[in-house]
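If you want the building blocks of each chain, they are given just below.
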Amino acid sequence: MTPEEVQRKLEHILPTVQKPGRYTGGEYNQVIKEWSQTPVRVALAFPDIYDLGMSNLGLAILYDILNQQPGVLAERTYAPWLDMEDAIRRERVPLYSLETKHPLRDFDILGFSLPYEKINTNVLNMLDLAGIPLMTSERDHEHPLVIAGGHATYNPEPMVDFFDAFVIGEGEEVILEIVGCVREWKRSNGARKDLLKALAGILGVYVPSLYQAHYHEDGRLSHIERLTDEAQLPIIKRIVPKLPPPPCNHIVPFIDITHNRLPIEIMRGCTRGCRFCQAGMITRPVRERTVEEIVAAIDHGLANTGFEEMGLLSLSSSDFSSILDLVREVNERFKDQHLSISLPSLRIETVSVELMDLLQGNAHRGGFTLAPEAATERLRDLINKPVSTEQLLDTAHEIYKRGWHTIKLYFMIGHPTETLDDVQAIADLCKAVLAKGRSIIGKRARVNVGVSTFVPKPHTPFQWTTCDTIEQIEEKQGLLKRQLRIPGLKLNWNDPQETMLEAWLSRGDRRLGRVIHKAWMQGTKFDAWQEHFNYPAWMEAFETVGVDPSFYLHRERSLDETLPWDHIDAAVNKQFLAEDYLWSTQGRTRIDCREHCYSCGILPTFIDLRRQHPGKTWECPEVHSPSQKKVKTLPLIQN
Amino acid sequence: MNQSKRHRYRIHFTKGDTLRFIGHLDLYRTWERTLRRARIPLTYSQGFNPRPKMNQSPALPLGCTSECEAVDIWLEQELHPERILEDLRQVTPQGLQIQSVKQVDLRAPSLQSQVIAVEYVVFFDPSTPLDDLQSSVQNVVEEKNILRKRRGREYDLRPLIEHLEIDHGEPEKPILRMILSARQGATGRPEEVIASLGLDPTFASIHRTRLILDTE
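Residues numbered from 1 in each chain as written. Chains lettered and ligands numbered in written order. Predicted model: local features only at pLDDT ≥ 70, side-chain atom pairs only at ≥ 80, totals over all residues.

A.B. asks: Would you take a moment to explain the overall build of chain A for this structure?
C.D. replies: In terms of helices and strands, chain A carries 22 helices and 19 strands. Over its C-alpha trace chain A gives a radius of gyration of 25 Å, about what one expects of a compact globule, namely 26 Å for 639 residues. Viewed in the frame of its principal axes, chain A has a C-alpha envelope of about 70 × 60 × 60 Å. Looking at chain A as a whole, 49% of its 639 residues qualify as buried. Restricting the contact set of chain A to residue pairs at least 6 apart, pairs at least 24 apart contribute 77%. (Helix = DSSP H or I, 4+ residues; strand = E, 2+ residues; numbered from the N terminus. Rg over C-alpha atoms; globule rule 2.2 N^0.38 Å. Buried ≥ 20, exposed ≤ 12 C-beta atoms within 10 Å, placed from the backbone. Contact = placed C-beta atoms within 7 Å.)

Rendered as structure tokens:
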């Protein structure tokens with residue numbers, strides 16, 4: 001189908017679907033390049049609807065980088081909502097790009113962002129809607145190269161059947177190397193196999209079909225074997241040594257989307273080391289932008305987009321070295337522009353409240369979010385998020401005193417060794433916070449409690465531990481539901497069955513691919529949307545394929561077991577993770593690796609990059625030694 | 001905010017194909033961002049959630065294009081209309097074309113209350129069977145009541161149709177022209193008129209051509 005035919009069909013389809021603005025493109029700052037004059041064409045895909053995909057910063061960064069390159073164009077595509085899917089299937093319209101309405105099949109590269117796991121079936125559905133074979137083994141030189149990046153690719157194994165290649169780590173540099181590789185390959189008129197081998201040679205690129213998994217008789221993974229010399233083992237993640245300037249030509253959506261604002265990433269990585277947090281482990285080392293750089297980016301970003309809202313983003317804003325300077329500067333520069341500013345991920349301390357006060361003035365008093373994650377000091381030490389209950393209550397006091405009416409508290413249930421007493425403590429703490437609020441602002445005080453369920457994620461110190469069973473989760477949630485039925489208090493929790501899915505998809509091995517395929521054939525999609533999640537279909541898929549789901553979740557791994565993601569090297573080494581796991585059982589914490597390097601493995605892996613980028617660019621210790629060999633025995637250096 | 005320090009301007013603009021599927025409220029936000037890009041000092045409301053003071057002509061149904069939309073904006077500063085026009089033209093999104101900017105009396109009634117009717121023209125997809133168009137138009141015009149249902153509520157479409165005729169641009173390509181009421185609580189929708197003629201509105205392109213003000 002030609003773009004003109006797609007456009008003509010859309011004219012009749014769009015009046016019949018909800019929110020047609022999701023499917024039209026044409027937004028301010030979208031980039032359209034001359035199709036016929038551009039040798040490499042990339043479609044950037046998000047496997048959920050426009051409203052969510054347009055809020056994804058990773059894709060926005062890649063869109064900007066690719067479109068700045070001569071000879072390369074990047075366009076966008078998202079999962080159509082159910083009504084639109086029905087309509088395009090009925091009218092036989094292939095999934096297309098928003099910019100020029102080219103079918104996805106016409107692109108050279110189709111790159112998916114996989115920031116989390118529960119969108120995997122949507123990938124299959126989008127490939128199907130695009131008329132692209134689902135399996136990497138079924139694609140040939142006529143099909144786009146189908147690749148993925150994002151946090152979920154740190155365990156790519158469940159999705160290896162469907163992707164030609166994965167990018168492990170940060171995409172800013174490697175995406176251009178991939179584009180270069182595809183351009184060369186197109187010129188050479190080579191076979192698909194040649195392209196895959198060439199890609200496998202790029203650092204940080206994992207081409208799964210060039211590896212084979214071997215299993216023990218009891219079903220545990222034995223090892224991953226390379227089938228060709230080009231394949232790297234392990235596959236070490238890519239990082240950018242210095243954060244490039246943030247993009248400031250963001251596409252301005254016409255319709256409302258989840259995060260309808262100018263996103264400015266102030267820092268990447270986190271030095272805190274919460275043991276459940278995958279992001280905190282895989283995004284190391286910590287790299288900050290300077291205050292000047294950030295302010296300039298906001299200035300340009302606002303001028304180019306007109307956004308009335310802005311988010312200063314990082315995993316832990318309070319840890320940004322010059323956070324006070326940044327907030328003061330932003331406040332000074334932009335205070336007369338009717339701009340609403342959010343600064344998420346603040347630490348639980350009264351300073352955070354002062355920061356928000358400074359930033360938001362009198363304009364905005366929505367909810368103030370705190371994430372203690374656990375309610376007893378024992379568990380908070382175990383997960384390495386040491387905050388005292390007193391500190392939390394002092395912070396709550398300050399929040400209500402300064403005019404916020406609602407505090408949002410985030411907890412997790414299912415931490416290792418958690419008992420019902422620890423869960424009871426969540427209820428008690430929520431009540432204590434509400435009581436604090438009532439003592440200051442009376443009945444206006446609100447507490448919203450979000451209780452998610454812990455899933456032991458790959459590349460974290462808890463990767464060996466088990467996940468609660470549905471029965472355990474229901475018992476804990478039941479306790480909270482009974483205890484927290486109080487006016488002024490609102491409780492949200494996750495469906496335990498959805499937690500199981502998240503756990504399978506994040507912890508699974510290559511055998512999950514057939515389950516995912518089967519589940520999709522039985523109609524699963526939009527699994528992350530509670531109303532569309534179909535647990536029975538998943539159970540049936542496990543049954544049909546003959547894979548035991550509990551094998552992945554409720555079995556404690558021994559420290560010497562080969563884990564399905566061990567060949568993916570996040571540069572935080574397994575020995576460090578194992579030691580940290582052991583420390584957790586002893587209640588030992590690691591406060592902040594800015595204060596004291598714990599040798600997680602980042603420096604030995606990226607020693608050259610650190611040497612080339614000394615000083616405050618990284619929060620890791622400086623490397624002075626000129627010799628490569630000494631690095632292995634790098635002593636713990638005090639900052 | 002001191003009322004006397006405000007300055008009111010009316011922007012006339014067209015809404016083209018790219019924006020057909022962008023609704024009335026989304027267009028407000030698009031205007032706000034366009035004006036912010038042009039660094040035009042909008043007046044904002046006070047309070048927790050400050051909104052810019054703006055007022056649009058009656059909502060254009062989703063899927064329609066228009067050559068006669070208008071929005072009133074209130075500024076903190078008096079600017080030359082030509083300057084506003086020039087600055088805005090640099091930063092408008094595709095599908096939004098500015099025709100003119102004029103200063104308006106602060107006491108003038110709101111756009112919505114001034115508009116009493118709206119004119120549309122309708123072009124049909126070549127695949128649409130139009131042999132009976134003449135007679136179905138005749139029927140609609142002669143009916144006393146046309147009861148239709150919209151969002152579960154029954155209403156009478158006929159009194160909302162002030163004028164309906166076929167305009168033969170080219171012999172094989174008839175164009176439908178209509179004037180529909182646009183008073184508070186009595187707004188005719190062009191796709192409803194097309195449906196009442198027994199045609200599929202998703203195969204018609206509907207274009208708004210004129211706002212009729214009560215001063216005319």
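What follows continues from the structure just given.
A.B. asks: Would you mind going over the domain arrangement of chain A with me for this structure?
C.D. replies: One frequent convention defines the size of an interface as the accessible area lost when the parts assemble. Taken domain by domain, chain A holds domain 1 (3–236) and domain 2 (573–633). One C-alpha centre belongs to domain 1 of chain A, the other to domain 2 of chain A, and the line joining them spans 34 Å. (Domains from an automatic or database assignment.)

A.B. asks: Would you take a moment to explain unusual backbone geometry for this structure?
C.D. replies: In most cases, non-glycine residues show a negative phi, while peptide bonds are predominantly trans. Residue and element names in this part refer to chain A. Residue P234 is reached from L233 by a cis peptide bond, and omega for that bond is -5°. Within the secondary structure, P234 is located in the loop between β8 (221–226) and β9 (235–236). The residue after R284, namely P285, is reached through a cis peptide bond having omega 0°. Tracing the sequence through the fold places P285 in the loop between α8 (278–282) and β12 (287–288). With phi around 65°, N384 is a residue other than glycine that occupies positive phi space. According to the C-beta neighbour criterion, N384 is buried, with 21 such atoms within 10 Å. Phi is positive for T417, which is not a glycine, with a value near 65°. Note that T417 resides in the loop between β16 (406–413) and α14 (420–441). The class for T417 is exposed, based on 11 C-beta atoms found within 10 Å.

A.B. asks: Just checking my understanding: could you explain the packing of helix α6 (residues 171–188) of chain A against helix α7 (residues 192–200) of chain A for this structure?
C.D. replies: Geometrically, a packed helix pair is captured by the angle between its two axes and the distance between the axes. All names here are of chain A. Taken N-terminus to C-terminus, the directions of α6 and α7 make an angle of 150°; their axes are 10 Å apart at the nearest point. In this view, α6 runs roughly antiparallel relative to α7, as classed from their interaxial angle. Seen along the crossing, α6 lies across α7 with a hand that is right-handed. Across the interface between the two elements, I178, C181, V182 and W185 of α6 pack against D194, L195, A198 and L199 of α7. Residue composition of the contact of α6 with α7, by class: seven nonpolar, no polar and one charged. (Axes fitted to C-alpha atoms, helices over the stretch in contact; angles between N-to-C directions. Parallel < 35°, antiparallel > 145°, perpendicular 65-115°, else oblique. Left-handed = near helix turned anticlockwise from the far one by under 90°. Nonpolar A, V, L, I, M, F, W, Y, C, P; charged D, E, K, R; others polar.)

A.B. asks: Sorry if this is basic, but what is going on with helix α15 (residues 470–483) of chain A here?
C.D. replies: Residue and element names in this part refer to chain A. The end-to-end C-alpha separation of α15 is 20 Å, in line with the 20 Å expected for 14 residues at 1.5 Å each. Buried residues of α15: I473, K476 and L480, and no others. Looking straight down α15, one finds its buried side chains confined to an arc of 70°; they lie on one side. Exposed residues pointing more than 90 degrees away from the buried face of α15 are listed as E471, G478 and R482. Check the buried side of α15 and you find it contacts β16, α14, β17 (446–453), β18 (489–493) and α16 (496–507). (Expected span 1.5 Å × (residues − 1). Arc of directions from axis to C-beta.)

A.B. asks: Got a minute to help me understand the interface of chain A and chain B in this structure?
C.D. replies: Facing 23 residues of chain A, the contacting portion of chain B comprises 20 residues. Partitioned by chemical class, the residues of the side of chain A that touches chain B number 10 nonpolar, nine polar and four charged.

A.B. asks: Any chance you could explain the sheet that holds β16(A) here in plain terms?
C.D. replies: Residue and element names in this part refer to chain A. Within the open sheet, the four strands sit side by side as β15-β16-β17-β18. Their pairing is parallel. The open sheet terminates on both sides in strands that have one partner only, identified here as β15 (367–373) and β18. Going across the sheet, the axis of each strand differs from the next one's by a mean of 20°, ignoring polarity. Note: β17 against β18, five bridges, orientation parallel. Bridging from a neighbouring strand, G450 pairs with N492 of β18. (Pairing = 2+ DSSP bridges.)

A.B. asks: What exactly am I supposed to notice about the nonpolar core here?
C.D. replies: One recurring pattern in soluble globular proteins is that nonpolar side chains are buried together. All names here are of chain A. Of all hydrophobic cores here, the largest spans 218 residues; its most connected members are V42, L199, V205, I426 and C430. At eight residues, the largest contribution of residues to this core is made by α14. Excluding its chain neighbours within four sequence positions, the residues that come into contact with L199 are A165, I178, C181, V205 and V207. (Core = buried A, V, L, I, M, F, W, Y, C linked by C-beta atoms within 7 Å.)

A.B. asks: Looking at this model, I keep getting lost on the sheet that holds strand β5 (residues 165–167) of chain A. Mind explaining?
C.D. replies: Strand pairing in a sheet is mediated by backbone hydrogen bonds. Such pairs are either parallel or antiparallel. Residue and element names in this part refer to chain A. In space, the six strands of this open sheet follow the order β2-β1-β3-β4-β5-β6, with mixed pairing throughout. Of all the strands in the sheet, just β2 (72–78) and β6 (205–206) have a single pairing partner and so form its edges. Here strand β1 (residues 40–46) pairs with β2 via seven bridges, running parallel. Note that in β2 the partner of A43 across the bridge is E75. In the packing of α6 onto the sheet, contacts are made with β1, β2, β3 (109–113), β4 (145–149), β5 and β6, and the angle to β1 comes to roughly 135°.

A.B. asks: Explain helix α3 (residues 57–68) of chain A to me, please; I cannot follow it from the model alone.
C.D. replies: Spacing of three or four residues puts side chains on the same side of an α-helix, whose turn is 3.6 residues. Residues and elements named next belong to chain A. End to end, α3 covers 17 Å across 12 residues, agreeing with the expected 16 Å (1.5 Å per residue, within 8%). Among the residues of α3, L59, A60, I61, L62, Y63, D64 and L66 are the ones counted as buried. Against β1, α2 (50–53), β2, β3 and α6 lie the buried residues of α3.

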